[in-house]
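# Examination of the molecular architecture
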Amino acid sequence: MKILVINAGSSSLKYQLIDMTNESVILKGLCERITFAGGKLTQKTFDGRETVIEKDMPSHKEAMQLVLDAMLDEKSGALKSIDEISAVGHRVLHSAEDFHSSVVIDDEVIRICERNVELGPLHMPGNIACIKSCREVMGDVPMVAVFDTTFHATMPQKAFMYGIPYEVYEEHKIRKYGFHGTSHKFVSEETGKLLGNKNAKMVICHLGNGSSISAVKDGKCQDTSMGFTPLEGLIMGTRSGDIDPAAVEFLRAKLGLAPEEVVNYLNKKCGVMGISGFSSDIRDLTAAMNEGNEKAKLALEMLAYRVKKYVGSYIAVLGGVDAIVFTGGIGENSSLVRSLVMEGMDYCGAVIDLDKNAVRGETYINTKDSKVKIMVVPTNEELSIARETKELTQVK
Ligand code: ADP
């Protein structure tokens, strides 16, 4: 069984073809500059064969056609016929309150997604355009929508509500949704397998360019740090994370920004990029800190401090914790950030082993005596989407 996983943005389309008999990647690729001049597809197969096609893609339909052509190419592809693809899994940003799990795509699902574009205006149009194009060029192949939000649908109401009038929540659905759900689901399941206990209490720290934390018990999300949009919560690469809403209006007026510019500013110009003044990349910041750059040091300390605060609050939410888990580009690779977060957490029984923490690829980085497991579990969002797609299309 081969599953095609598609992650489409407004002008880009990432794809992976996965053999579900052993969960191995057959090929992966990327279409760039869809709808712009200078379109380009790049693809690489598991055995190292590479394809580059430079061709304009006026819409997602041409992009999807190009993807199929590249996968079917006799020399550089990996498929003889499109019929070898059993199902397609589409990453979709937002489920709103309409879906509580992944769903097999039909006309009604697309209509609901279209209605929810206002909740994800930057991503949803590309997601939907790609689903429609894929149906046009691939015909009857079953397709599944896997949402970034649905893993968090199990949050209790007291966790997802904001302190605003109830009728405003009801009418406009303004609430915490949470994102990175495919990663939190994948990593919490992998952690459950590693611990031999899928009911364990876990705090999952997905730290990448975008970062979020979730509190998971019995395999279900109890709370998460991202909110109505991915801007809430942690200090990220270029996102501010939590900030007093009154400061936002003050900042907007002082900087002379238009109302529609201020959210973009908080998403793109803030975070560790804004604090350090030169980079959103933890590697750059770590190198600069080691050379004595004080702002880089501050940015790293602030990022880790905010993670620590959320970890502590989620341990309180869960009533204790069995495992604190790091994942994502920073969580998997930055021993510095992990050590800053875990510093001084002995009070709750979580003690990091700094030698193990320094070893790349080590799963357990806690000391022998630590009551709480501290773990590094690599995420795999594409595989998470493929597993969901397999599960849903086999049932049908
Ligand atoms: P995205 O949210 O875009 O998926 P990733 O999860 O790939 O992001 O994480 C990207 C971040 O991971 C980069 O900003 C970089 O700071 C960090 N990162 C990647 N490799 C390393 C490394 N070896 N050491 C420290 N940080 C790293």
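What counts and how
Residues numbered from 1 in each chain as written. Predicted model: local features only at pLDDT ≥ 70, side-chain atom pairs only at ≥ 80, totals over all residues. Heavy atoms only, no water. Salt bridge = Lys/Arg side-chain N within 4 Å of Asp/Glu carboxyl O. Helix = DSSP H or I, 4+ residues; strand = E, 2+ residues; numbered from the N terminus. Buried < 20%, exposed > 50% of the residue type's maximum accessible area, 1.4 Å probe, protein only. Contact = heavy atoms within 4.5 Å. Core = buried A, V, L, I, M, F, W, Y, C linked by side-chain atoms within 4.5 Å. Disulfide = S-S within 2.5 Å.

In total, this model carries 21 salt bridges according to the counting rule given. Residues glutamate 232 and lysine 176 are paired through a salt bridge, measuring 3.3 Å at the closest nitrogen-oxygen approach. Pair noted here: glutamate 232 is in the loop between β11 (220-224) and α7 (245-255) and lysine 176 is in the loop between α5 (166-172) and α6 (181-195), with a separation of 56 residues, a long-range link. Take glutamate 232: its relative accessible area is 23%, and that puts it in the partly exposed class. In this structure, arginine 387 and glutamate 190 form a salt bridge, with 3.0 Å as the shortest nitrogen-oxygen distance. With arginine 387 in helix α15 (residues 381-395) and glutamate 190 in helix α6, the pair connects residues that are 197 residues apart, well separated along the chain.

Let us now look at the environment of alanine 296. Mapped onto the elements of the fold, alanine 296 is located in helix α11 (residues 294-318). Note on alanine 296: relative accessible area 0%, which makes it buried. If near-sequence neighbours (up to four positions away) are discounted, alanine 296 is found in contact with Ser276, Phe278, Leu285, Ala288 and Met289.

Relative to the helices and strands, glutamate 332 is located in helix α12 (residues 328-333). For the pair formed by glutamate 332 and methionine 375, sequence separation is 43 residues and the distance between their alpha carbons is 9.5 Å. If we skip the residues at most four places from it in the chain, glutamate 332 touches Thr327, Arg338, Val376, Val377, Pro378 and Thr379.

Here serine 240 is to be found in the loop between β11 and α7. Accessibility expressed as a relative area gives 13% for serine 240, which makes it buried. Apart from residues lying up to four places away in sequence, serine 240 is in contact with Leu231, Leu234, Ile235, Leu266, Cys270, Gly271 and Arg306.

We now examine the nonpolar core. In this structure, Leu4, Ile6, Leu13, Tyr15, Met71 and Met138 are the most contacted members of the largest nonpolar core, which totals 45 residues. Among the secondary structure elements, those contributing two or more residues to this core are β1 (2-8), β2 (13-19), β3 (24-32), α1 (60-72), β6 (85-92), α2 (107-115), α3 (124-138) and β8 (143-147). In contact with methionine 138, not counting residues within four places along its chain, are Leu4, Met64, Leu68, Ile82, Ile85, Val88 and Met143.

Before going further, it helps to spend a moment on the state of the cysteines. Going through the model one piece at a time under the given rule, you end up with 0 disulfides. Lacking any disulfide linkage, cysteine 113 is separated from the closest cysteine sulfur, that of cysteine 130, by 13 Å. Free cysteine: cysteine 205, not disulfide-bonded; nearest cysteine sulfur from cysteine 348 at 12 Å. Assessed through its relative accessible area of 0%, cysteine 205 is described here as buried.

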